[in-house]
Amino acid sequence: MISNVLIVAAAVVLSIALRSYHQPVIRRAGTIGIFVSSFLAGWLIGGHVLIGVAFASSWLLLPWLEILTRVRKLRLPMRRILESRPPPPKSVFPDFEELTGEIEAEQFEHVEDVGWEHDSQQQFFRVFYQDASSTASAICLVEQEEIGFSYVSVTSRGADGATYMTWNYPFSYGLRLAPNLKLHRVAPGGTFSEILSEHRLFLDRQHVGVDAVAPQTSTSLRSHIEDDMYDQIVHNLDRGLLVKTADDTIRYSARGMVFLWFQFLRDLVRLS
């Protein structure tokens with residue numbers, strides 16, 4: 001029995017060690033190791049292969065705990081109206097001013113600080129614009145009850161109405177993308193200069209030249225963000241991932257919650 005415990009413990013330690021690497025393949029091996037460790041715990045310690053299978057598969061069902069206890073109750077406004085907001089305190093967003101400095105160092109001008117709030121959900125944007133390239137950027141902080149995360153986006157708008165966005169959003173996105181949105185996701189942790197370089201390469205791959213980028217104005221940036229969020233909502237209502245409630249808010253449908261579960265699984269496999 002003691003030898004079985006030691007085998008499981010060794011598998012867990014090895015899996016955690018592999019997960020600490022930044023190399024994707026090695027980190028993926030660490031994730032597989034977690035499944036193997038769970039299986040071994042059920043099989044060697046629990047005494048039956050089926051217990052091992054149940055232990056390993058429990059990781060795949062774990063996201064449903066979050067979906068059924070929090071996401072199922074989530075209600076959001078159909079249209080999110082942005083209003084002026086003060087920047088987040090350092091205790092909430094320690095790297096905020098450093099990120100601002102990185103963006104301004106790339107010749108982006110700080111335009112405004114805006115956000116929206118509904119019940120315990122709120123989102124803050126610090127918006128920037130680079131006139132020479134007709135490119136917008138934003139630092140975004142998302143807070144949902146006691147959960148919060150941030151990301152940076154760089155956006156160009158095509159003359160044909162398409163939106164080209166590069167961001168380091170830390171999770172797989174929880175909604176279907178609107179048809180006019182072309183999204184390029186980069187790994188979190190990079191500098192803004194690296195994100196901007198990735199965005200320019202993304203435009204090249206999409207064959208979007210300088211002449212194909214529509215100029216924006218500092219006064220239109222807020223309405224663009226509002227329209228982008230609204231288009232996402234409408235598209236996902238049409239796809240059945242969201243439904244309207246009696247009080248004219250929106251929530252995830254059963255189909256939407258299944259989609260969200262698959263997105264959780266994508267993150268589990270991809271280790272993003």
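Scoring rules and cut-offs
Residues numbered from 1 in each chain as written. Predicted model: local features only at pLDDT ≥ 70, side-chain atom pairs only at ≥ 80, totals over all residues. Heavy atoms only, no water. Helix = DSSP H or I, 4+ residues; strand = E, 2+ residues; numbered from the N terminus. Buried < 20%, exposed > 50% of the residue type's maximum accessible area, 1.4 Å probe, protein only. Contact = heavy atoms within 4.5 Å. Areas by Shrake-Rupley, 256 points an atom, 1.4 Å probe, with all protein chains shown as cover. Arc of directions from axis to C-beta. Salt bridge = Lys/Arg side-chain N within 4 Å of Asp/Glu carboxyl O. Phe/Tyr/Trp six-rings, centres within 6.5 Å; stacked < 30°, edge-to-face > 60°. Pairing = 2+ DSSP bridges. Axes fitted to C-alpha atoms, helices over the stretch in contact; angles between N-to-C directions.

Visitor: In this structure, what is going on with the overall build of the protein? I would like to understand it.
Guide: Helix and strand content of the protein: eight helices and 10 strands. For the protein, the residues scored as buried account for 43% of the 272 residues in total. Considering only intrachain contacts with a sequence separation of at least 6, the fraction spanning at least 24 residues in the protein is 54%. Total accessible area computed for the protein in this model is approximately 14800 Å², and 60% of it derives from carbon and sulfur atoms.

Visitor: Explanation requested: helix 5 (residues 96-105) in the structure shown.
Guide: Three- or four-residue spacings in an α-helix give side chains the same orientation, since the helix completes a turn every 3.6 residues. Phe96, Leu99, Thr100 and Ile103 are the residues of helix 5 that are buried. Across the axial projection of helix 5, the buried residues extend over an arc of 105°, all falling on one side. Exposed residues pointing more than 90 degrees away from the buried face of helix 5 are listed as Glu97, Glu98 and Ala105. Of the residues flanking the end of helix 5, it is glutamine 107, one or two places downstream, whose phi is positive at about 70°.

Visitor: Would you mind showing me how to read the pattern of salt bridges here?
Guide: When the charged atoms of two side chains lie near each other, side chains of opposite charge can form a pair. Across all of its chains, the model carries seven salt bridges by this definition. For arginine 85, the salt bridge is made with glutamate 83, and the minimal N-O distance between the two is 3.6 Å. Judged by its relative accessible area of 26%, arginine 85 falls in the partly exposed class. Residues arginine 126 and aspartate 113 are paired through a salt bridge, measuring 2.8 Å at the closest nitrogen-oxygen approach.

Visitor: Can you help me understand the packing of aromatic side chains in this one?
Guide: For the coordinates displayed, the defined rule picks out 13 aromatic pairs. With a centroid separation of 5.1 Å and 65° between ring planes, the pair formed by tyrosine 151 and tyrosine 169 is classed as edge-to-face. With tyrosine 151 in strand 6 (residues 147-157) and tyrosine 169 in the loop between strand 7 (163-167) and strand 8 (181-185), this pair connects stretches of sequence that are 18 residues apart. Each member of the pair, tyrosine 151 together with tyrosine 169, is buried. Taking relative accessible area as the criterion, tyrosine 169 reaches 12% and is therefore assigned buried. Grouping aromatic residues by their ring pairs yields a cluster made of Phe149, Tyr151, Trp167, Tyr169, Phe171 and Tyr173.

Visitor: How should the sheet that holds strand 8 be read in this particular structure?
Guide: Pairing between the strands of a sheet is mediated by backbone hydrogen bonds and can be parallel or antiparallel. Taken together, the seven strands give an open sheet; going across it, the order is 2-3-4-5-6-7-8, and neighbouring strands pair in mixed fashion. Edge positions in the sheet fall to strand 2 (83-84) and strand 8, since each has one partner strand and no second. As paired elements, strand 7 and strand 8 share five bridges and run parallel to each other. Along strand 8, the bridge assignment pairs tryptophan 167 with arginine 185. Sheet strands in contact with helix 5 are strand 3 (109-118), strand 4 (121-130), strand 5 (135-144) and strand 6, and its direction is about 25° off that of strand 4.

Visitor: What should I look at first to understand the sheet that holds strand 9 (residues 242-244) in this one?
Guide: Strand order in this open sheet of three strands is 1-10-9, and the pairing throughout is antiparallel. Where the open sheet ends on each side, the last strands, each with one partner, are strand 1 (76-77) and strand 9. For strand 1 and strand 10 (residues 249-252), the ladder comprises two bridges, and the chain directions are antiparallel. Looking at strand 10, one finds that leucine 76 is bridged to isoleucine 250. On top of the sheet, helix 7 (residues 221-238) reaches strand 9 and strand 10; it is set at about 95° to strand 9, its chief contact.

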